[in-house]
Amino acid sequence: MTMRTGRYHHGDLRAALLERAEQTLREQGVEALSLRELARALDVSHAAPSRHFRDRRALLDALALTGIQRLTTAARSGLARSGDGFRERVFVFARAYVDFSAAHAALLELAFARKHDTSVAEELELAWQPVKADLHALIAQGQREGRIRTGDADRIGAVIFAAVHGVATQAAGGQLSGPALDQVFDDLLTHLLRGLAPGAGDEPLARSAAPVC
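Calculation rules
- Residues numbered from 1 in each chain as written.
- Predicted model: local features only at pLDDT ≥ 70, side-chain atom pairs only at ≥ 80, totals over all residues.
- Heavy atoms only, no water.
- Helix = DSSP H or I, 4+ residues; strand = E, 2+ residues; numbered from the N terminus.
- Buried < 20%, exposed > 50% of the residue type's maximum accessible area, 1.4 Å probe, protein only.
- Contact = heavy atoms within 4.5 Å.
- Areas by Shrake-Rupley, 256 points an atom, 1.4 Å probe, with all protein chains shown as cover.
- Expected span 1.5 Å × (residues − 1).
- Arc of directions from axis to C-beta.
- Polar contact = N/O pair within 3.5 Å; in protein donor to acceptor, adjacent residues only side chain to side chain.
- Core = buried A, V, L, I, M, F, W, Y, C linked by side-chain atoms within 4.5 Å.
- Axes fitted to C-alpha atoms, helices over the stretch in contact; angles between N-to-C directions.
- Parallel < 35°, antiparallel > 145°, perpendicular 65-115°, else oblique.
- Left-handed = near helix turned anticlockwise from the far one by under 90°.
- Nonpolar A, V, L, I, M, F, W, Y, C, P; charged D, E, K, R; others polar.
- 1 Å grid on protein atoms, 1.4 Å probe; cavity = no way out; pocket = protein on both sides within 12 Å on 5 of 7 lines; lining within 4 Å.
- Points joined across faces, edges and corners; volume = space filled by probe spheres on them.

Notes on the overall build of the protein chain
When helices and strands are counted, the protein chain shows eight helices and zero strands. Reading the protein chain from its N terminus to its C terminus gives the helix and strand order α-α-α-α-α-α-α-α. Counting all 213 residues of the protein chain, 39% fall into the buried class. Within the protein chain, contacts between residues separated by at least 24 positions form 73% of all contacts whose residues are at least 6 apart in sequence. Of the accessible surface of the protein chain, which amounts to about 12200 Å², a share of 53% is contributed by carbon and sulfur atoms.

Considering helix 7 (residues 153-172)
Its 20 residues place the ends of helix 7 28 Å apart at the C-alpha level, agreeing with the 28 Å of an ideal helix rising 1.5 Å per residue. Within the sequence span of helix 7, burial applies to Ala-153, Ile-156, Gly-157, Ile-160, Val-164, His-165, Val-167, Ala-168 and Ala-171. Along the axis of helix 7, the buried residues cluster in a sector spanning 160°; they form a single face. Sitting at the amino-terminal end of helix 7 is Asp-152, which places a side-chain oxygen 2.8 Å from the backbone nitrogen of Asp-154.

Remarks on the nonpolar core
Core analysis: the largest hydrophobic core is formed by 60 residues, its most contacted members being Phe-53, Leu-63, Val-98 and Ile-160. A total of eleven residues in this core trace back to one element, the largest contributor, which is helix 3 (residues 56-81). Leaving out residues up to four positions away in the same chain, Leu-63 has contacts with Leu-18, Ala-21, Glu-22, Leu-25, Leu-33, Leu-107 and Leu-110.

Quick notes on unusual backbone geometry
Most of the time, phi is negative for any residue but glycine, and the peptide bond is trans. Its identity as a non-glycine residue notwithstanding, Asp-43 has a phi of 60°, on the positive side. Relative to the assigned elements, Asp-43 resides in the loop between helix 2 (35-42) and helix 3. Accessibility expressed as a relative area gives 40% for Asp-43, which makes it partly exposed.

Things to note about the packing of helix 4 (residues 86-103) against helix 7
At their nearest, the axes of helix 4 and helix 7 sit 8 Å apart, and the two run at 30° to each other. Relative to helix 7, helix 4 is oriented roughly parallel. When you trace helix 4 past helix 7, the crossing you get is right-handed. Facing Ala-94, Tyr-97, Val-98, Ser-101 and Ala-102 of helix 4, the residues of helix 7 in contact are Phe-161, Val-164, His-165, Val-167, Ala-168, Ala-171 and Ala-172. Looking at side-chain class alone, the contact of helix 4 with helix 7 contains ten nonpolar, two polar and no charged residues.

Remarks on empty space enclosed by the protein
Enumeration over the complete set of coordinates arrives at one cavity of 30 Å³ or more. Put simply, the largest cavity is a space of about 150 Å³. Lining the largest cavity are 14 residues, and of these Phe-93, Ala-94, Leu-135, Ile-160 and Val-164 lie nearest its centre. Elements with a contribution of two residues or more to the lining of the largest cavity: helix 4, helix 6 (118-144) and helix 7. The greatest single-element share of the lining of the largest cavity, amounting to five residues, is contributed by helix 4. Classifying every residue of the lining of the largest cavity gives 14 nonpolar, no polar and no charged.

Such coordinate-based values are descriptive only and should not be taken to indicate function.
Shown next, in the form of structure tokens:
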């Protein structure tokens, strides 16, 4: 019996599996994903996908990694096209993140809402590092220019990321779109940067007090 894999080189089949899996994820949801169905859709043997993904969970982890890498690329590309002004750079960087999340909601859910195999957790974390590095650099720019209060850039970055990710999640879920999304996004960044500016609230955030029993 001949194997129906001849039209794919080794790397090409993996890419084709991921492309088809993302299409299925987008159109039918995560529950519709299976290695057997992907093999049938690509007209390869049932065993062929297992050469690249040992099981369904490995496929989902690979999709999550792909999503993070592409989201990172989108955010960094937006930043590269922006001007030198701090406010513009923050808005462009954050909006690229939100827009990608809205356009690829299923990938965003895989990246954040599903448990991942411990063997790929480090790889997924490393995929986020370019975004974190760019955000850290933006905060450092804001601090140099007196636009953001002094303090731990990582803590400030965590606040900004959490806020922007909240809008991205709502956009991905369809709760925000069009002019409403534009308004909420602009208001969020405006108030966020205003709150992080040097001034009366420049003191470092104190740790939450222990609850009184």
